[in-house]
Structure formats: C-alpha cells, structure tokens
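# Inside the fold
The chain contents come next:
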Amino acid sequence: MISRSDSPFLKEIIHELDTKIIGRNIYHFDIIDSTNLYAKKLVKKGVDEGVVIVADVQTSGRGRKNRIWSSPKGGLWFSIILFPNISPNQGMLITMACSVAIVQGIKEITGITAEIKWPNDLLIGGKKVCGILTELDAEFDRIKYLVVGIGINVNNPLNEKLKKKATSLIKEAGKKISRAKLLRAYLIRIDDYYNKLLLGDYRFIRNSWLSYSNIIGKRVQVRDDKKVLTGKVTDVDNSGRLILETENTKIRIVSGDLKYL
Ligand code: BTN
C-alpha cells in the first residue's frame, strides 16, 4: 500500500485493512483545492482503481451544481477513483452503494442512524450531514472513470448560514468522532458493496438504499434546471431513478433537488 504521507491519521485507517479494491492506496493531504479535482488529475496521469484521496482542508470544495462546499478542518473530505465495467446509466448505483456504506459507517462509529434523502444526501434530524458528488466520464455504453467525492461534517464547525440546514456528527453525538475510524468503517463496507455490484447484485444495493431512505409513498417536489415536478414517489428503480406519479403520468427522474411536501 502506498501513501503520499505517513500521517498517524492514515496509519490508523490502513492498519490491517484488507479491502480488495478500495483504499489499497490512499493519499492524505493536509490541504488541497478539492479531492475530486485531484482525483481527476490522477486519472489523466494513469492510476489504479480504488485509490482514495483524503484531505483535512479543501480550499475549493465543490458540491452538486458547482455549489461551494465548505470544507474546514475537522470534517471528512475524500474521493474514490473507480473504473466500473457498467453502463453510464448504472453509475447512480455506485453513489447509492456509497450512501448505504456511509449510513452504516456512521451507525457503527456513533450509534446514530442517518436517513438517505434522494438522490444522495444524508440527513440527521432533517439536517444534512453528508453530501456526495459523483463525476464520471463515459462513452455511449461504457464508463471510462468515475470519481465519487464524499463530504461528511464530522467535528468541523458550521457557519451561520449552514447551521439552519446542516448538522455535524460532533453536534449530534455530543462528542468528538474519530475521522479515521469512520473512514475505515466506510472503506470496508464500500469495498464489499462495490464487489457485489461488479458481480451484478444490483437488487441488494437498491433494497438497502430503500430501507434507509423512507421515500416510497411520500409526496415530493423535484426541481431540476428546467422544471419543477410535484407528485408521489412510487419507486426508485435499479438505476437510482425516482419514479414519480404526477397528476397525469408516471415520470422517471435522474437527478434534481428534492423537497418533501
Ligand atoms: C453535495 O451535496 O452537493 C455534494 C458534496 C460533495 C463534497 C465532497 S467533499 C470531497 C469531494 N471534493 C469536493 O470538492 N467535493 C466532494
């Protein structure tokens, strides 16, 4: 296992870590612009599948729709590089698997049960604790690479604006949480789920995701760049698309901002 720095943080994560693909190689930075940006640079240079890039601070962290992602010291900001042999429209399954692995990792380390909000936010008590940004490059029927970027508010402070809609694990648990233990717990799970996914076990991922999302039957509003849709969620398909029953029809939605009504 190679690492960019030999930090105690990293040592705690990799100690007897026997994952098959994910985290065999981890880069740890004190400070970086964005772990997703760095991951994409590594892909261009040529890199093994499963490399993880983790940073204590990001100066240019980004969320979905290019929104600024506040990434001060104390949080867990990391990305994983994958080359899955699946079609582009199945890419969402990997993000779903990541959500499940984080919920379970948080449960193991803090005892707290987070909830998944479609497409891939994790909430505690209705407030966001984790966001996932999956970026991929694909040909018509083949994913060339996929970078999953994950941001978890662990021990970091939240600015005044964020406090209204976001929370952190330290706040919810009432004590400091080990970022190394959390990342390690996550890597063990996501490696298992990723291997299952490569074997074609999509149902397992979808069913676990559904069990933490509580979304079926809920009335919601989904906003994308062009329109706002309102309806009842009847299902989430094997590709992670939301199936929404509106007044006149059923629609499959790939992504958007969801609000519970
Ligand atoms: C979102 O909810 O909009 C997704 C947030 C993703 C943030 C993570 S932090 C690590 C990685 N690097 C980034 O710049 N973004 C992701």
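The following paragraphs examine the structure supplied in this document. Throughout this document, residue positions are counted from 1 along each chain, in the order its sequence is written. Note on the predicted model: pLDDT of at least 70 is required for a residue's local features to be given, and 80 or more for side-chain atom pairs to be given and counted; whole-chain, interface and lining totals, by contrast, use all residues. With hydrogens and water stripped out, all remaining heavy atoms of the structure feed into the side-chain values.

Ser34, Gln58, Arg62, Arg64 and Lys128 are the nearest of the 19 residues found near the ligand. One of the side-chain nitrogen or oxygen atoms of Ser34 is found 2.8 Å away from an oxygen atom of the ligand. Contacts described as polar in this section are N or O atom pairs within 3.5 Å, which, within protein, must combine one atom able to donate a hydrogen with one able to accept it, while residues neighboring in sequence count only if both atoms come from side chains. Note that an oxygen atom of the ligand is positioned 2.7 Å from one of the backbone N or O atoms of Arg64. Per-residue accessibility takes into account occlusion by the displayed protein chains alone, with areas from the Shrake-Rupley method and a 1.4 Å probe. Protein contact buries 98% of the 420 Å² of open area that the ligand shows by itself. The biggest single contributor to the shell around the ligand is strand S6 (residues 127–138), with four residues. For the shell around the ligand, the class distribution of residues is five nonpolar, 10 polar and four charged. Consider each residue's heavy atoms; a residue with any of them within 4 Å of a molecule or strand counts as near. In this description a helix means any DSSP run of H or I spanning at least four residues, a strand means any run of E spanning at least two, and both kinds are numbered starting from the N terminus. Under this grouping Gly is polar, as are all residues other than the nonpolar Ala, Val, Leu, Ile, Met, Phe, Trp, Tyr, Cys and Pro and the charged Asp, Glu, Lys and Arg.

Turning our attention to the packing of aromatic side chains. Pairing of aromatic side chains requires ring centres within 6.5 Å, counting the rings of Phe and Tyr and the six-membered ring of Trp. Pairs whose planes differ by under 30 degrees are stacked, by over 60 edge-to-face, and all others tilted. Summed over the entire model, instances satisfying the criterion amount to four aromatic pairs. Residues Phe78 and Tyr186 carry aromatic rings whose centres are separated by 5.4 Å and whose planes lie at 65° to one another, so their mutual orientation is edge-to-face. Note that Phe78 is positioned in strand S3 (residues 76–82) and Tyr186 in helix H6 (residues 179–198), a separation of 108 residues in sequence. The class for Tyr186 is buried, based on a relative accessible area of 3%. Taking 5.4 Å as the distance between ring centres and 55° as the angle between the ring planes, the aromatic pair formed by Tyr193 and Phe204 counts as tilted. Taken together, the residues span a long stretch of sequence, with Tyr193 in helix H6 and Phe204 in helix H7 (residues 202–213) at a distance of 11 residues. Think of it in three bands: with a 1.4 Å probe and only protein chains considered, a residue is buried below 20% of the maximum accessible area for its type, exposed above 50%, and partly exposed in between. Tyr193 sits in the buried class, given a relative accessible area of 7%. Here Phe204 falls in the partly exposed class, since its relative accessible area comes to 29%. Counting every residue linked through ring pairs, the aromatic cluster contains Tyr27, Phe29 and Tyr38. Stacked on the ring of Phe204, the Lys or Arg Lys196 has its end atom at 4.8 Å from the ring centre. Sitting over a ring, as applied to charges here, requires NZ of Lys or CZ of Arg to be within 6 Å of the ring centre and within 35 degrees of the ring normal. In this structure, Lys218 packs its charged tip against the face of Tyr260, placed 5.5 Å from the ring centre.

We now examine the pattern of salt bridges. Salt-bridge detection follows one rule: a side-chain nitrogen of Lys or Arg within 4 Å of a carboxyl oxygen of Asp or Glu. Going through the model one piece at a time under the given rule, you end up with 17 salt bridges. Between Asp33 and Lys41 there is a salt bridge whose closest N-O contact spans 3.9 Å. For the salt bridge of Arg252 with Asp237, the shortest nitrogen-to-oxygen distance reads 2.7 Å. Of this pair, Arg252 sits in strand S11 (residues 250–253) while Asp237 sits in the loop between strand S9 (228–236) and strand S10 (242–245), and the two are 15 residues apart along the sequence. Ionic contacts of the salt-bridge type, sharing partners, join the residues Arg64, Lys65, Arg67 and Asp257 into one network.

Turning to unusual backbone geometry, a few remarks are in order. With an omega of 5°, the peptide bond running from Trp118 to Pro119 counts as cis. Along the polypeptide, Pro119 turns up in the loop between strand S4 (115–117) and strand S5 (121–124). At Lys65, a position not held by glycine, the phi torsion is positive, near 55°. Within the element layout of this structure, Lys65 appears in the loop between strand S2 (52–58) and S3.

A few words now on the nonpolar core. What we call a nonpolar core is a set of buried Ala, Val, Leu, Ile, Met, Phe, Trp, Tyr and Cys residues that are connected through their side-chain atoms within 4.5 Å. Counting residues in hydrophobic clusters, the biggest one holds 64 residues, and the most contacted among them are Phe78, Ile150, Ile152 and Tyr186. Discounting chain neighbours no more than four positions away, the residues touching Phe78 are Thr35, Val52, Ile53, Val54, Val148, Gly149, Ile150, Ile152, Leu183 and Tyr186. Counting 13 residues, the second largest nonpolar core, distinct from the first, contains Leu42, Val43, Ile81 and Val147. Here, two residues are considered to be in contact whenever any of their heavy atoms come within 4.5 Å of each other.

With that settled, the discussion passes to the pairing of strand S7 (residues 143–152). When you tally the buried positions in S7, you get nine out of 10 residues, the bulk of the element. Two strands pair if DSSP finds at least two bridges between them. As paired strands, S6 and S7 are joined by nine bridges and run antiparallel to one another. When the sheet's bridge partners are listed, Leu136 is paired in S7 with Leu146. Here S6 hands over to S7 after four residues, the two strands then running antiparallel side by side.

With that settled, consider the pairing of S6. Alignment of S5 against S6, held across four bridges, turns out to be antiparallel. What sits directly across from Leu123, in S6, is Lys128. Count of turn residues in the S5/S6 antiparallel hairpin: two residues, of which Gly125 carries a positive phi of about 55°.

Moving on to the sheet that holds S4. Read from one edge of the open sheet, seven strands run S1-S2-S3-S7-S6-S5-S4, paired in mixed fashion. Edge positions in the sheet fall to strand S1 (26–32) and S4, since each has one partner strand and no second. Neighbour-to-neighbour, the strand axes of the sheet open up by a mean angle of 20°, direction not taken into account. Looking at chain direction, S4 and S5 are connected through three bridges and run antiparallel. For Glu115, the partnering residue across the bridge sits in S5 and is Leu123. Set on the sheet, helix H2 (residues 35–45) makes contact with S1, S2, S3, S6 and S7; between it and S3 the angle comes to about 25°. Fitting a line to C-alpha atoms yields each axis, with helices limited to the stretch in contact; the angle taken between N-to-C directions then spans 0 to 180 degrees.

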